[in-house]
There are 2 protein chains.
Amino acid sequence: MMGGVRAAERSPTTGGYSKGRIRREDILGAAVAMYAEAGYHGSSLREIARRVGITHAGLLYYFPSKEALLAAVLERRDAEDGEREHLTGPPGLEALLRLIGLAAYNVRHPGIVELYSRLAAEAVAADHPAHEYFEQHYRMAREYAAESFRALAAEGRLREGVDPEYAALTLVALMDGLQVQWLSDRGRVDLVGSLRRYVAGQLRGPLE
Amino acid sequence: MMGGVRAAERSPTTGGYSKGRIRREDILGAAVAMYAEAGYHGSSLREIARRVGITHAGLLYYFPSKEALLAAVLERRDAEDGEREHLTGPPGLEALLRLIGLAAYNVRHPGIVELYSRLAAEAVAADHPAHEYFEQHYRMAREYAAESFRALAAEGRLREGVDPEYAALTLVALMDGLQVQWLSDRGRVDLVGSLRRYVAGQLRGPLE
DNA sequence: CCTACCGATCGGTAGG
DNA sequence: CCTACCGATCGGTAGG
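Residues numbered from 1 in each chain as written. Chains lettered and ligands numbered in written order. Predicted model: local features only at pLDDT ≥ 70, side-chain atom pairs only at ≥ 80, totals over all residues. Heavy atoms only, no water.

- The name that an unreviewed UniProt entry assigns to chain A is TetR family transcriptional regulator, with the source organism given as Umezawaea tangerina.

Dropping the structure here:
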């Protein structure tokens, strides 16, 4: 599901935020929580607004439409420090471990996993406003993983019979599927361990 | 996602169906299509009714509430020949291949995959009317797969280092994740091939 | 099965 | 940011 990495807390003493910016952040936070609980279609502007103590018309002063709010949520996720850096190093084993590290981060922030699982599932529909966003994310994740497996193959570190494209597709599918199962039974599913085990199973030698 | 196998067509000359039964079947079919397209919450009784040429009040004559209609859809799926039989043989390699055979069936019936992917994702929410249904289905699938891998382990046919519980969890997660990716890019994803490859990778010898 | 209705809720706008 | 409103849509019921 590719949840992004959240930014390190900015110093609250910075004072660089106007009151409007703070309000905007409050709204975005409430929207993330709501989307995670109820999905996009299941989240009303009135309920999101109620959670930050304003009316839905007040919310529309900050975000001109329901879709604009969703777009802002996704943009913020992308903008937050981490994701881009984490997924931009050179492909290879370290890149795959970074991908798993992202899953490890997500396990400590279940809200993000819920948000992405919910939205990604809804966004399978071609007319969903987040459809393209997720399509692009999946494609990027697959390509990044595929390049990493190809790099390992070039070094002769892939087990015989392992195809880089297949391994990449499987890894991404596994991250998705495991996150959903983890959501419904957190005690029983070792998300990070299962992913490490999977990657290790594709390699000739040990993991690191 | 565990889509069930559809019944072989019953003879249309049977005549055992009253007009009311036919209408009920029409409604169920339209509901399945709508749930696949828009999910449960996104499907209105009025639109489902419109597709079968009646009013939404007319639909409520056959199914007393929106939840009752969903329950009927899921019950019919379970009742349909195949699922129970297909997933009730003795655990083992053949059972795993039956599971994959189910995926193969689903690939030829994308509507079922969409229905299950959509509903399963929505039903992660604890208050969703299909929540328990999917929880039970996942648990059953995992246990069936785990027993199969344990049987293989007892015969010494599992590769060294492969844990039956882990392999089962991963297989089910993989089926889920791959189905979603397949839905969004059917040309690029070989659902059945990927699953066979995964199972083969857990074994010491060849697949069959 | 339908017409006709109910109360509730939705996203969005006007106008301040 | 709010009050006040709009048109649309929702699931469900009454009464036939």
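Side note on the protein's contact with DNA strand C
Turning to step 1, where the next piece is worked out: Neighbouring DNA strand C are 19 residues; Arg46, His56 and Lys66 of chain A together with Arg23 and Tyr61 of chain B lie closest to it.
Turning to step 2, where the next piece is worked out: Within 4 Å of the protein, the atoms of DNA strand C are drawn from sugar and phosphate moieties in a proportion of 50%.
Turning to step 3, where the next piece is worked out: Backbone polar atom of Lys66 of chain A to a phosphate oxygen of DNA strand C: 2.7 Å apart, as the coordinates give it.
Turning to step 4, where the next piece is worked out: Elements supplying a minimum of two residues to the surface near DNA strand C: helix 2 (45-51) and helix 3 (56-62) of chain A together with helix 1 (19-38) and helix 3 (56-62) of chain B.
Turning to step 5, where the next piece is worked out: The element best represented in the surface near DNA strand C is helix 3 of chain B, accounting for 4 residues. (Near = heavy atom within 4 Å. Polar contact = N/O pair within 3.5 Å; in protein donor to acceptor, adjacent residues only side chain to side chain. Helix = DSSP H or I, 4+ residues; strand = E, 2+ residues; numbered from the N terminus.)

Here's the deal with the protein's contact with DNA strand D
Turning to step 1, where the next piece is worked out: Contacts to DNA strand D come from 19 residues, most closely from Arg23 and Tyr61 of chain A together with Arg46, His56 and Lys66 of chain B.
Turning to step 2, where the next piece is worked out: Backbone atoms, meaning sugar plus phosphate, form 50% of the atoms of DNA strand D positioned within 4 Å of the protein.
Turning to step 3, where the next piece is worked out: One nitrogen or oxygen atom from the main chain of Leu45 of chain B is found 3.0 Å from a phosphate oxygen belonging to DNA strand D.
Turning to step 4, where the next piece is worked out: For the surface near DNA strand D, the secondary-structure elements that each account for two or more residues are helix 1 (19-38) and helix 3 of chain A together with helix 2 (45-51) and helix 3 of chain B.

Section: the packing of aromatic side chains
Here the distance between the centres and the angle between the planes together describe a pair of aromatic rings.
Turning to step 1, where the next piece is worked out: For the structure shown, the criterion picks out 8 aromatic pairs over all chains.
Turning to step 2, where the next piece is worked out: Ring geometry for Tyr116 of chain A against Phe134 of chain A: centres 5.8 Å apart, planes inclined by 75°, an arrangement best described as edge-to-face. Residue Tyr116 of chain A is located in helix 7 (residues 110-122), and its partner Phe134 of chain A is located in helix 8 (residues 131-154); the two are separated by 18 residues in the primary sequence.
Turning to step 3, where the next piece is worked out: Relative accessible area serves as the criterion here: at 4%, Phe134 of chain A is assigned to the buried category.
Turning to step 4, where the next piece is worked out: Ring centres of Tyr133 of chain A and Phe134 of chain A lie 5.3 Å apart, and the angle between their planes is 85°; this geometry places the pair in the edge-to-face category.
Turning to step 5, where the next piece is worked out: For Tyr133 of chain A, a relative accessible area of 14% translates into the label buried.
Turning to step 6, where the next piece is worked out: Taken together, the ring pairs in this structure connect Tyr116, Tyr133 and Phe134 of chain A into an aromatic cluster.
Turning to step 7, where the next piece is worked out: Positioned above the aromatic ring of Tyr40 of chain A is the side chain of Lys66 of chain A, whose terminal nitrogen or guanidinium carbon lies 4.6 Å from the ring centre.
Turning to step 8, where the next piece is worked out: Positioned above the aromatic ring of Tyr166 of chain A, the side-chain terminus of Arg197 of chain B is 4.7 Å from the ring centre. (Phe/Tyr/Trp six-rings, centres within 6.5 Å; stacked < 30°, edge-to-face > 60°. Buried < 20%, exposed > 50% of the residue type's maximum accessible area, 1.4 Å probe, protein only. Lys NZ or Arg CZ within 6 Å of the ring centre and 35° of its normal.)

Let's talk about the nonpolar core
Turning to step 1, where the next piece is worked out: Formed by 66 residues in total, the largest nonpolar core has its most connected members in Leu171, Leu195 and Val199 of chain A together with Leu171 and Leu195 of chain B.
Turning to step 2, where the next piece is worked out: Looking at this core, the elements that each hand over two or more residues are helix 6 (93-107), helix 8, helix 9 (164-184) and helix 10 (191-202) of chain A together with helix 6 (93-107), helix 8 (131-154), helix 9 (164-184) and helix 10 (191-202) of chain B.
Turning to step 3, where the next piece is worked out: Among residues more than four places away in sequence, those in contact with Leu171 of chain B are Leu96, Leu99, Ala145, Phe149, Leu195, Tyr198 and Val199 of chain B. (Core = buried A, V, L, I, M, F, W, Y, C linked by side-chain atoms within 4.5 Å. Contact = heavy atoms within 4.5 Å.)

Points about the environment of Ala103 of chain B
Residue and element names in this part refer to chain B.
Turning to step 1, where the next piece is worked out: In this structure, Ala103 sits in helix 6.
Turning to step 2, where the next piece is worked out: The class for Ala103 is buried, based on a relative accessible area of 0%.
Turning to step 3, where the next piece is worked out: For the pair Ala103 and Leu191, spaced 88 residues apart in sequence, the C-alpha to C-alpha distance is 7.5 Å.
Turning to step 4, where the next piece is worked out: Not counting chain neighbours up to four residues away, the residues in contact with Ala103 comprise Met175, Leu191, Val192 and Leu195.

Some details on the environment of Glu208 of chain B
Residue and element names in this part refer to chain B.
Turning to step 1, where the next piece is worked out: Secondary-structure assignment places Glu208 in the segment after helix 10.
Turning to step 2, where the next piece is worked out: Taking the relative accessible area as the measure of exposure, Glu208 reaches 68% and is therefore exposed.
Turning to step 3, where the next piece is worked out: Sequence separation between Glu208 and Glu94 is 114 residues, and the spatial gap between their C-alpha atoms is 8.5 Å.
Turning to step 4, where the next piece is worked out: Every residue in contact with Glu208, bar those within four places of it in the chain, is listed here: Leu93, Leu97 and Arg196.

What about the environment of Gly161 of chain B?
Turning to step 1, where the next piece is worked out: Mapped onto the elements, Gly161 of chain B comes out in the loop between helix 8 and helix 9.
Turning to step 2, where the next piece is worked out: Linking Gly161 of chain B and Gln202 of chain B, residues 41 residues apart in sequence, is a C-alpha distance of 9.2 Å.

Observations regarding the relation of the copies chain B and chain A
Turning to step 1, where the next piece is worked out: When chain B is fitted to chain A, the residual RMSD is 0.0 Å, and the transformation amounts to a turn of 180° plus an axial shift of 0.0 Å. Between the two chains, the operation in question is that of a two-fold axis.
Turning to step 2, where the next piece is worked out: Most of the interface of chain B is mirrored in chain A, where 100% of its interface residues again form contacts. (Least-squares fit on C-alpha atoms with pLDDT ≥ 70 in both.)

Quick word on the interface of chain B and chain A
Turning to step 1, where the next piece is worked out: Across the boundary between the two partners, chain B contributes 32 residues, which contact 32 residues of chain A.
Turning to step 2, where the next piece is worked out: A per-residue breakdown of the area chain B buries against chain A is headed by Tyr166, Gln181 and Arg197 of chain B, which together make up 21% of the total.
Turning to step 3, where the next piece is worked out: Connecting chain B to chain A are 2 salt bridges.
Turning to step 4, where the next piece is worked out: Arg142 of chain B is paired through a salt bridge with Asp185 of chain A; the nearest N and O atoms lie 3.8 Å apart.
Turning to step 5, where the next piece is worked out: Put simply, chain B and chain A have 4 residue pairs in polar contact (both at pLDDT 80 or more) between them.
Turning to step 6, where the next piece is worked out: The set of elements that each furnish at least two residues to the side of chain B that touches chain A consists of helix 7 (110-122), helix 8, helix 9 and helix 10 of chain B.
Turning to step 7, where the next piece is worked out: Top element by residues in the side of chain B that touches chain A is helix 9 of chain B. It accounts for 13 residues.
Turning to step 8, where the next piece is worked out: For the side of chain B that touches chain A, the per-class residue count stands at 14 nonpolar, 7 polar and 11 charged. (Buried area = accessible area lost by both parts, 1.4 Å probe. Salt bridge = Lys/Arg side-chain N within 4 Å of Asp/Glu carboxyl O. Nonpolar A, V, L, I, M, F, W, Y, C, P; charged D, E, K, R; others polar.)

Side note on the pattern of salt bridges
Turning to step 1, where the next piece is worked out: Taken as a whole, this structure holds 16 salt bridges over all chains when the rule is applied.
Turning to step 2, where the next piece is worked out: For Glu47 of chain B, the salt bridge is made with Arg50 of chain B, and the minimal N-O distance between the two is 3.0 Å. One end of the pair is Glu47 of chain B and the other is Arg50 of chain B, both in helix 2 and 3 residues apart, which spans about a single turn.
Turning to step 3, where the next piece is worked out: On the basis of relative accessibility, which here comes to 23%, the residue Glu47 of chain B falls in the partly exposed class.
Turning to step 4, where the next piece is worked out: Residues participating in the shared-partner salt-bridge network are Glu37, Glu47, Arg50 and Arg51 of chain A.

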